[in-house]
Amino acid sequence: MTETSKNPFKFLEKSIEIDGEDFYYYDITHFKQLSNLPFSIRVLLESAIRNCDNFHINEGHVTTILNWAQYKGESADDNQEYEIPFKPARVILQDFTGVPAVVDFAAMRDAVLKLGGDPEKINPICPSDLVIDHSIQVDYSNSNDALKKNQDLEFERNKERFTFLKWGAKAFNNMLIVPPGSGIVHQVNLEYLARVVFAEKQNDGRCLLYPDSLVGTDSHTTMINGLGILGHGVGGVEAEAVMLGQSISFLLPEVIGYKLVGELNQYVTSTDLVLTITKNLRQLGVVGKFVEFFGPGVTFLSIADRATISNMCPEFGGTVGYFAVDNRSLDYLRQTNRNAKKINIIEQYLKATKQFRDYDDSMQDPMFSKVITLDLSTVNSSLSGPKRPHDRVPVSQMKQDFKECLVNKVGFKGYEIPLNEIDAEASFIWEDGIEYKINHGSVIIAAITSCTNTSNPTVMLGAGLLAQNAVKLGLKVKRYIKTSLSPGSTAVDHYLRESGVIPSLEELGFHIVGYGCMTCIGNSGPIHENIATAIESKKLVCCGVLSGNRNFEGRIHPLTRANYLASPLLVIAYALAGTVDIDFETQPIGISHDGKEVYLKEIWPSRAEIQEVERKYIIPSMFQQVYEKIQLGSSNWQSLIAPTGKLYPWDENSTYIKHPPFFDGMTRDLPVKDQIKDARVLLLLGDSITTDHISPAGSISRNSPAARYLTERDLAPKNFNSYGSRRGNDAVMARGTFANIRLVNKFMKFPGPKTIHIPTNEEMDIFDCAERYRQEKTPLILLAGKEYGSGSSRDWAAKGPYLLGIRAVIAESYERIHRSNLVGMGICPLQYLSGQNAESLGLTGFETFNVLLPNNVSPGQNINIETSSGITFEVKVRFDTDVEILYYKHGGILNYMIRKMIS
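Each chain carries its own residue numbering, running from 1 in the written order of its sequence. Local features in this predicted model are restricted to residues whose pLDDT is 70 or higher, and side-chain atom pairs enter the listing and the counts only when it is 80 or higher, whereas totals over whole chains, interfaces and linings include all residues. Only hydrogens and water are set aside; all other atoms, that is, all heavy atoms of the structure, feed into the side-chain values.

**Some thoughts on the overall build of the protein**
Numbering of helices and strands starts at the N terminus; helices are DSSP runs of H or I of at least 4 residues and strands are runs of E of at least 2. Tallying secondary structure elements over the protein gives 32 helices and 34 strands in all. Taken over C-alpha atoms, the radius of gyration is set against a globule rule of 2.2 Å times the number of residues to the power 0.38. Its C-alpha radius of gyration of 27 Å places the protein within 12% of the 29 Å reference for a compact globule of 903 residues. Exposure categories follow from relative accessible area, calculated using a 1.4 Å probe and restricted to protein chains: below 20% of the type maximum is buried, above 50% is exposed, and the middle band is partly exposed. Looking at the protein as a whole, 64% of its 903 residues are labelled buried. As presented, the protein carries roughly 32,600 Å² of accessible surface, and 47% of it is formed by carbon and sulfur atoms. Computing the positive centroid from 92 side-chain charges and the negative centroid from 104, the protein places the two 2 Å apart. All accessibility values rest on the Shrake-Rupley procedure with a 1.4 Å probe; residue burial counts only the protein chains present in the view. Within this scheme the basic residues Lys and Arg register as positive and the acidic residues Asp and Glu register as negative, but His and the chain ends are omitted. By convention, the point assigned to a charge is CZ for Arg, NZ for Lys, CD for Glu and CG for Asp.

This is the structure in structure tokens:
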């Protein structure tokens, strides 16, 4: 990857001997500015120096990064934006976005062949790891055989997709695929895949040392920041460009220094801490910025604690949430059975280049754009919800907050339940023949899930000890509550069993149901039909409580209108209570076997108790047993027979893997881009439209366009599977775009996936309406509010609108990754000027629009929009770099790469 012969910084090469072996590295300590640079910026600096070829990355870029303090430091008065390139060391993908990447690579090979090029040139140049982690669904729970049943169903549903991935592992060089059943991508990355420092053999035989860094196709890629590895989420198309050896470009970021002091008290968890930080930073506003943690309080946080914080970086809005490598990082590498020689190389290299931290030494503190401080001793037990991850609620205020949410106007903190329906109650008969009653606040899903928390032994063992204490007293969880435990890796299964807490967890219904994202990603599976009927009959606001990172409306389950993020311990606590309408300080959580009231504080374990168990069972040999055979996969995986050959034999009848239309009609030469004229508005949207609204990852509704497509191909509803599992089929995904039942389209009276065909005023499914416009050869745009595209990074949230014929989006603001994805698919992101929006400009959405985009457009330029109503207004073109303009003119990143390959 490194062309040292062209590198003007070759003079910085420096030799180092470690354990009798010779290495070399680029000595960034040569520059006096280094001591002022945040540690995260030092990674960008090293990468720019090492990859500098005065073509993709030039000396000016290096100078810009070196002068970070001048441009972005606390005393900086320069408001100019500076574009910088970054070439990550590797790429990581999960299966939901990994499948489309492999599909696109296979289709690119076909396109290159058609245009007269060599298809075998299409290979990942950058090391690429793909972990299959999103496929499994909680179909079975509350039983000992739930794990096997769910895994068998996973293979039955996804055999075709898994076979395709197995073909990709053989067909493409430099691609590692971790089979299903191993865990969640971010946790496997942390425990196994992370290098921290690369030692790479060069063409001249020498071995070059440089920091591990990565981009991933999920916004929670940032979890790896907790181990001192700079990584963040990008869109699928952007990741594919990195896989092909391209750098990515972004603006030189501000770096917020988040200083931690003090210690957490004995009864507070890392989940409580991260929810506190998330709310704090959301209020501050850190979108597009790096957050770097420092201060003496960091030394009291384990790597698992730090990873929990870094994991939720997308929720607090930053690009990264970085903890530089320190001695605790090295201890974690030893604990997780990393090679001792490699650990020594990591330590020696990072110390030699001043990238190793001592958090107790304030003399090492660099300059930041701004510093904020949190005293860890002030953190208290919390949840977040009911509809957003940054709406933190202290446990002590939960009962009152929920009651207020019921009556508040419809919004992020309101359901507007009529006062005469506040005490509504519904009854149903459960499988045991007993009649149960539920009301507003009843918990129907309780899931210990997500790499955010299941990567953390402290909160997982804490949940186990709480369960033990509860079972000893005879406390029980109501059987109708869908309880589940889905660890992020099989290592968690191992230490929970060895520590003896599994029997108690299972006694309360928390059986291991699989190793994957599951409930956190929306794969919560079905709830009992009788419960569903009861909820719908009284329009109850029932609840899900999960140890996840996302709780946007409609994500967890269509019938859990309120969803709260919580520590694994609180998940069990609220499952025991059966409701969120409880004050744990004054109300008992249950009744013991001898008839006494039991309060939560009586069964809650202290941090010291948990850490005693942790020290005994979290040991290197456990990680060795788990990961030494991870690439073999299960017997199901081993029995899959994949096609051979470098070109994929597409099956026209497949409903999982389909040749995408992105390169249809592509020419060798760059065509002239058509102007956007007489465009119609497909959707008129408000604030906080998430990628969950745009590209659902959950189940496929039986009355949706996607369901009709599958039914026409003789699939029964039970075999529809999820949208996420069908991301390799553009026909399904286009029909699933904007299919969220909670989507609020201002053209419509009620939420849902409907819109108006404006010329006829006909109400239609969104996909059908887009198809009508396509037949009429009418280009489409979207009008949106603030934070358009927030949530998980999903390539189909950009690919889907592209296939619907959307040429531009006009929004008040964008989520960083989604804006980049739009550009990557050739969609033009436009932004209202400050203080303006559709309402203030008098736009109804029923106009036609002309987007007057000049051929020589420049980054951030203001252009005019003309409408048929006579309103003309200015917008800012959100191409943030020259490279993005180049991608747009080519029709997207991949089209650009194909033309580059054959030129």
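From this point, things continue past the structure.
**What about the packing of helix α4 (residues 95-114) against helix α5 (residues 146-171)?**
For any two helices packed against each other, the geometry comes down to the angle between their axes and how far apart the axes lie. Note on geometry: axes are lines fitted to C-alpha atoms, helical ones only across the stretch in contact, with angles between N-to-C directions running from 0 to 180 degrees. Interhelical geometry of α4 versus α5 gives an angle of 55° and a closest axis separation of 10 Å. Between α4 and α5, the interaxial angle falls into the category oblique. Classified by chirality, the crossing of α5 by α4 is left-handed. Here Asp95, Phe96, Val99, Val102, Val103, Ala106 and Arg109 of α4 lie close against α5, whose contacting residues are Arg161, Phe164, Leu165, Trp167, Gly168 and Ala171. The labels follow the angle: roughly parallel below 35 degrees, roughly antiparallel above 145, roughly perpendicular from 65 to 115, and oblique for the rest. Here is the rule for handedness: rotate from the far helix to the near one, and if that takes an anticlockwise turn smaller than a right angle the crossing is left-handed, while a clockwise turn gives right-handed. Whether two residues touch is decided by their heavy atoms; if any such pair falls within 4.5 Å, the residues are in contact.

**Describing the packing of aromatic side chains**
Any two rings among Phe, Tyr and Trp, with Trp reduced to its six-membered ring, count as a pair given centres within 6.5 Å; such a pair is stacked if its planes are under 30 degrees apart, edge-to-face if over 60, and tilted if neither. Scanning the entire structure with this criterion turns up 29 aromatic pairs. Ring centres of Phe293 and Phe323 lie 4.6 Å apart, and the angle between their planes is 5°; on these two criteria the pair is classed as stacked. In this pair, Phe293 sits in strand β13 (residues 290-294) while Phe323 sits in the loop between β14 (320-322) and α11 (327-335), placing the two residues 30 residues apart along the sequence. Ring centres of Tyr788 and Tyr814 lie 6.2 Å apart, and the angle between their planes is 85°; this geometry places the pair in the edge-to-face category. Taken together, the residues span a long stretch of sequence, with Tyr788 in the loop between β29 (780-783) and α28 (796-803) and Tyr814 in the loop between β30 (806-811) and α29 (816-824) at a distance of 26 residues. Only Lys NZ and Arg CZ are tested; either one counts as a charge over a ring when it is within 6 Å of the ring centre and within 35 degrees of the ring normal. Taking NZ or CZ as reference, Arg50 lies 3.8 Å from the ring centre of Tyr210, over its face. Above the ring of Phe356, the side-chain terminus of Lys351 is found at 5.0 Å from the ring centroid.

**Details of the confidence of the model for the protein**
Fine structural detail should not be taken from predicted coordinates in areas where pLDDT scores are low. A residue's pLDDT is the confidence the predictor assigns to it, expressed on a 0 to 100 scale. Averaged over every residue, the pLDDT of the protein is 93; the share at 70 or more is 99%. Long-range and interchain partners of residues 1-5, a stretch whose pLDDT sits below 50, account for 16 contacts in this model, where long-range means more than four residues apart.

**Looking at the state of the cysteines**
Only a pair of cysteine sulfur atoms within 2.5 Å qualifies as a disulfide here. Within this structure, the stated rule accounts for 0 disulfides. In this model Cys542 remains outside any disulfide bridge; the closest cysteine sulfur is found in Cys543, 6.7 Å from its own. For Cys542, a relative accessible area of 0% translates into the label buried.

**Some remarks on helix α9 (residues 303-311)**
The buried fraction of α9 amounts to 9 of the 9 residues, a majority that puts the element mostly inside the structure. Within the sequence span of α9, burial applies to Ile303, Ala304, Asp305, Arg306, Ala307, Thr308, Ile309, Ser310 and Asn311.

**Concerning helix α32 (residues 893-902)**
Counting buried positions over the 10 residues of α32 gives 9, a clear majority of the element. Packed against the buried residues of α32 are α4, α7 (236-243), α29 and α31 (882-890).

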